[in-house]
Amino acid sequence: MDVKATVWHYLKNAREQVLWKVEGLPERDQRMPLTPTGTNLLGVVKHLAGVEAEYFGVCLGRPWPEPMAFWADDAQPNDDMWATADESPAHILDLYRRVTAFADEAIAQLPLDAKAHVNGEPF
């Protein structure tokens, strides 16, 4: 059994499910706050993009090459959990696709037991 291939398969499937759920909705529903904190579906996708860029990029010594506003020193907590008025659904969904392709490159190139650094500490 190829553990890496199996885990990667489930990750790809989960990504497809996220996109499937969000892409079929009207923009109003994509942006509608669904929690007391204001999180919306586009924000969840934006957050997932940031998580994959960090864990499959920064933590593995392969920094994501584009700036992400919610990583800035002056960003507010949870800025990645909703779409701003100037972020279109197409922009956020495209970002997610580009990040997942970037993450897939790391997954393809590195062994399953590759060392990562989370908050500067080996993991």
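Rules behind the numbers
- Going along each chain's sequence as written, the residues are numbered from 1 onward.
- Totals for whole chains, interfaces and linings use all residues, but because this is a predicted model, local features are given only for residues with pLDDT of at least 70 and pairs of side-chain atoms are given and counted only at 80 or more.
- As a rule here, side-chain values come from all non-hydrogen atoms in the structure, and water together with hydrogens is ignored.
- To qualify as a helix, a DSSP run of H or I must reach at least 4 residues; to qualify as a strand, a run of E must reach at least 2; elements of each kind are numbered from the N terminus.
- We compute the radius of gyration over the C-alpha atoms and compare it with the globule rule, which gives 2.2 Å times the number of residues raised to the power 0.38.
- Whether a residue is buried, partly exposed or exposed follows from its accessible area with a 1.4 Å probe, protein chains only, as a fraction of its type maximum: under 20%, in between, or over 50%, in that order.
- Contacts are assigned to residue pairs that have any heavy atoms within 4.5 Å of one another.
- Each accessible area value is a Shrake-Rupley result obtained with a 1.4 Å probe; residue values ignore everything except the protein chains displayed when judging cover.
- We count Lys and Arg on the positive side and Asp and Glu on the negative side, and we leave His and both chain ends out.
- A charged residue contributes its charge at one atom only: NZ of Lys, CZ of Arg, CG of Asp or CD of Glu.
- Per residue, pLDDT measures the predictor's confidence, with a range of 0 to 100.

1. Observations regarding the overall build of the protein
For step 1, the next point in the chain: When helices and strands are tallied, the protein shows four helices and two strands.
For step 2, the next point in the chain: Helices and strands appear in the protein in the N-to-C order α-α-α-α-β-β.
For step 3, the next point in the chain: For a compact globule of 123 residues, the expected C-alpha radius of gyration is about 14 Å, and the protein comes in at 15 Å, within 12% of that figure.
For step 4, the next point in the chain: Across its three principal directions, the C-alpha atoms of the protein cover 40 × 35 × 25 Å.
For step 5, the next point in the chain: When burial is assessed residue by residue, the protein has 33% of its 123 residues classed as buried.
For step 6, the next point in the chain: Sequence separation of 24 or more characterises 73% of the internal contacts of the protein that already satisfy a separation of 6 or more.
For step 7, the next point in the chain: Within the structure as shown, the protein displays about 7800 Å² of accessible surface, and the carbon and sulfur contribution to it stands at 60%.
For step 8, the next point in the chain: Each charge class in the protein was averaged separately, 11 positive and 19 negative side chains, and the resulting centres sit 5 Å apart.

2. A look at the environment of E54
For step 1, the next point in the chain: Looking at the element boundaries, E54 is found in helix α3 (residues 41-55).
For step 2, the next point in the chain: Overall, E54 belongs to the partly exposed group, its relative accessible area being 31%.
For step 3, the next point in the chain: Setting aside residues up to four positions removed in sequence, E54 forms contacts with C59 and W71.

3. Comments concerning the confidence of the model for the protein
For step 1, the next point in the chain: The pLDDT averaged across the protein works out to 93; a share of 98% of its residues lies at or above 70.
For step 2, the next point in the chain: Looking over the protein, one finds the lowest element-wise mean pLDDT in strand β2 (residues 121-122), namely 69, and the highest in helix α4 (residues 89-109), namely 97.

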